[in-house]
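Analysis of the macromolecular model
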Amino acid sequence: MPFDRLWRNARIATLAPDRPGLGVIENGALATTGERITFVGPETDLPSDTRAAETIDCAGRWMTPGLVDCHTHLVFGGNRAREFEQRLAGASYEEIARAGGGILSTVRATRAASEDDLVQAALPRLDHLIAEGVTTVEIKSGYGLDQESEARMLRAARRLGSERKVGVTTTFLGAHALPPEAGGDKDAYIDHLCTKVLPALAAEGLADAVDAFCEGIAFSIDQTARVFNAARALGLPVKLHADQLSNLGGAALAARYRALSADHLEYTDEAGARAMAEAGTVAVLLPGAFYFIRETRKPPVDLFRAAGTHMALATDCNPGSSPLTSLLLTMNMGATLFRLTVEECIAGVTREAARALGRLDDIGTLEVGKSCDLAIWSIEDLAELVYRIGFNPLHTRIWRGQ
Ligand code: DI6
Ligand code: FE
């Protein structure tokens, strides 16, 4: 039997770079052997022997790579809905934080939660992503801020990947906020992260990458560079929450360290955009956070296009600034709020998101040799994935050939 599974009569957006645009094949077929894609192309190019254990007629439906959410804080304890109500009533983010709310309220709840609690709380969020065709999700720590709690978050993230048929990549974000017990000393906290916490978590194999929040209200360029040096010494790739609320030069710093991605980027300037393009650092745009905190400054999409910076889109799912668990809605926001094209939005949650995770060799496009992660959609036009609001046209989702 040449194939395990064969999908026929599909319109396939392969996202393969050897075809223009979204790499569309009309009248396409895709076949697998085990977890891997072993044929993708026009029906007319199928080999003469098309026997397969299972053959599926797609009836002309659209097929895309499985969606990749390359920036989430999916694992956390507690609930910030009351804080949302306070903000609607006029309280500022800073006032809430000073009263003990904000990010530190999530830190308290996360520290109080067991690994099981964290998994159970995250599963409905993960299931919502999966229901829309997500096959790979990145999950950050950063609400523990001490070694044991950060490790527990990352173990919970890894467990989510065994509880569901989904790929999980983990990111250590110890440099997200300063914990209360640090007594206001950011430099000492960064030293502790670099010399104790990160090496211990890396030795346990808990982190696939390292991230930091480089911002006036978080950590400086110099402190971020120290985190990046520690990651480099351990052989871990880096990424950065950069230029979200101000321009400290985060994008350029990320590029200097050949970061996988720099994320948010509302305040990034032309030099930053160019440096990212040259370094191959992906611009991960997060329209959910832009929308939810009512930011008005947009990321410089024209500069990214002119420089040739790759652009991805992600939910940034987190309880404070982006309580969003829909990549379909994220695409709609990317188009309406940031003026991305339909092609940029679809590439941004597939090929470019895979690139932002350093996983483009394995996922993100439909090409022979890659993992068979795909989504089949009941739509007439690919633009419907971006155009519709609150409607889920997913027909079938396949992860690793199943
Ligand atoms: N940027 C954000 O917008 C969130 N974290 C970050 O680095 C905020 C997270 C929170 O408020 O819980
Ligand atoms: Fe984030």
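Residues numbered from 1 in each chain as written. Chains lettered and ligands numbered in written order. Predicted model: local features only at pLDDT ≥ 70, side-chain atom pairs only at ≥ 80, totals over all residues. Heavy atoms only, no water.

A few points about the overall build of the protein chain
Tallying secondary structure elements over the protein chain gives 15 helices and 15 strands in all. In terms of overall size, the protein chain behaves like a compact globule, its C-alpha atoms giving a radius of gyration of 21 Å where 402 residues would be expected to give roughly 21 Å. Across its three principal axes, the protein chain shows a C-alpha extent of roughly 70 × 45 × 45 Å. Every one of the 402 residues in the protein chain was classed for burial, and the buried ones make up 56%. Contacts in the protein chain between residues far apart in sequence, at least 24 positions, make up 71% of those at least 6 positions apart. Accessible surface, the protein chain: about 15600 Å² in total, of which carbon and sulfur atoms supply 51%. (Helix = DSSP H or I, 4+ residues; strand = E, 2+ residues; numbered from the N terminus. Rg over C-alpha atoms; globule rule 2.2 N^0.38 Å. Buried < 20%, exposed > 50% of the residue type's maximum accessible area, 1.4 Å probe, protein only. Contact = heavy atoms within 4.5 Å. Areas by Shrake-Rupley, 256 points an atom, 1.4 Å probe, with all protein chains shown as cover.)

With respect to the coordination of the iron ion (ligand 2)
Looking at the metal site, the iron ion (ligand 2) is ligated by His71 (NE2), His73 (NE2), His241 (NE2) and Asp316 (OD), spaced 2.1 to 2.2 Å from it. Around the iron ion (ligand 2) sit four donor atoms, and with donor-metal-donor angles ranging over 81 to 165 degrees the site reads as irregular. All donors to the iron ion (ligand 2) come from one chain, and their sequence spacing reads H-x1-H-x167-H-x74-D. Here the residue His241 occupies a position in strand S10 (residues 239-242), and Asp316 occupies one in the loop between strand S13 (311-313) and helix H12 (327-338), the gap between them amounting to 75 residues. Grouping residues by exposure puts His241 and Asp316 together as buried. (Donors = N, O, S within 2.8 Å, 3.2 Å for Na, K, Ca; no water. Tetrahedral: all angles 85-135°; square planar, octahedral: opposite > 155°, others 65-115°.)

Brief notes about the packing of aromatic side chains
Per the stated rule, a full pass over the model turns up five aromatic pairs. Ring centres of Phe84 and Phe292 lie 5.4 Å apart, and the angle between their planes is 25 degrees; on these two criteria the pair is classed as stacked. Taken together, the residues Phe84 in helix H1 (residues 81-88) and Phe292 in helix H10 (residues 287-292) connect sequence positions 208 residues apart. On the basis of relative accessibility, which here comes to 38%, the residue Phe84 falls in the partly exposed class. Their ring planes at 65 degrees and their centres at 5.2 Å tell us that Phe228 and Tyr257 sit as a pair that is edge-to-face. Here the residue Phe228 occupies a position in helix H7 (residues 221-233), and Tyr257 occupies one in the loop between helix H8 (250-256) and strand S11 (261-264), the gap between them amounting to 29 residues. Overall, the relative accessible area of 1% leaves Phe228 in the buried class. The aromatic ring of Phe219 is capped on one face by Lys186, whose charged end is 6.0 Å from the ring centroid. When the ring centre of Phe391 is taken as origin, the NZ or CZ atom of Arg388, which lies over that ring, is 3.7 Å away. (Phe/Tyr/Trp six-rings, centres within 6.5 Å; stacked < 30°, edge-to-face > 60°. Lys NZ or Arg CZ within 6 Å of the ring centre and 35° of its normal.)

Describing helix H3 (residues 103-112)
Along an α-helix, residues three or four positions apart point the same way, because every turn accommodates 3.6 residues. Residues of H3 that are buried: Ser105, Thr106, Val107 and Thr110. At its buried positions, H3 is contacted by H1, helix H4 (115-131) and helix H5 (147-163).

Points about the pairing of strand S3 (residues 36-42)
Here strand S2 (residues 24-33) pairs with S3 via six bridges, running antiparallel. Across the sheet, the residue bridging to Gly28 is Pro42, located in S3. Between S2 and the antiparallel strand that follows it, S3, lie two residues; Gly34 among them carries a positive phi value of about 65 degrees. (Pairing = 2+ DSSP bridges.)

What to know about the site of ligand 1
Around ligand 1, a shell composed of Arg80, Tyr93, Tyr143, His176, Phe213, His241, Gln244, His264, Asn318, Gly320 and Ser321 is seen. In this structure, Tyr143 approaches ligand 1 through a side-chain N or O atom, which is 2.7 Å from an oxygen atom. The contact in question runs from an oxygen atom of ligand 1 to an N or O atom on the side chain of Gln244, over 3.0 Å. A per-class count over the shell around ligand 1 returns three nonpolar, seven polar and one charged. (Near = heavy atom within 4 Å. Polar contact = N/O pair within 3.5 Å; in protein donor to acceptor, adjacent residues only side chain to side chain. Nonpolar A, V, L, I, M, F, W, Y, C, P; charged D, E, K, R; others polar.)

A closer look at the nonpolar core
If you look at the biggest cluster of nonpolar residues, it comprises 92 residues, and the most contacted ones within it are Val75, Phe172, Leu265, Leu285 and Met331. Among all residues touching Phe172, those that are not within four sequence positions of it are Ser141, Glu150, Leu154, Leu193, Val197, Leu198, Leu201, Ala207, Ala209, Val210 and Asp211. (Core = buried A, V, L, I, M, F, W, Y, C linked by side-chain atoms within 4.5 Å.)

With respect to the sheet that holds strand S7 (residues 134-140)
The strand order across the open sheet formed by eight strands is S6-S7-S8-S9-S10-S11-S12-S13, and the pairing between neighbours is parallel. For this open sheet the edge positions go to strand S6 (67-69) and S13, each flanked by a neighbour on one side alone. With direction set aside, neighbouring strand axes in the sheet form an average angle of 25 degrees. The pairing of strand S8 (residues 167-175) with strand S9 (residues 209-214) spans three bridges and is classified as parallel. Across the sheet, Ala175 pairs through a bridge with Ala212, a residue of S9. (Axes fitted to C-alpha atoms, helices over the stretch in contact; angles between N-to-C directions.)

Re the packing of helix H6 (residues 186-203) against H7
For the pair H6 and H7, interaxial distance at closest approach is 10 Å and the crossing angle is 5 degrees. Compared by their axis directions, H6 and H7 come out roughly parallel. From H6, Lys186, Asp187, Ile190, Asp191, Cys194 and Leu198 reach across to H7, where they touch Gln223, Arg226, Val227, Ala230 and Ala231. Classifying every residue of the contact of H6 with H7 gives six nonpolar, one polar and four charged. (Parallel < 35°, antiparallel > 145°, perpendicular 65-115°, else oblique.)

Points about H5
For H5, built from 17 residues, the straight-helix expectation of 24 Å at 1.5 Å per residue is met to within 8% by its first-to-last C-alpha distance of 24 Å. Along H5, the positions that sit buried rather than exposed are Ser149, Glu150, Ala151, Arg152, Met153, Leu154, Ala156, Ala157 and Leu160. The inward-facing, buried residues of H5 abut H3, H4, S7, S8 and H6. (Expected span 1.5 Å × (residues − 1).)

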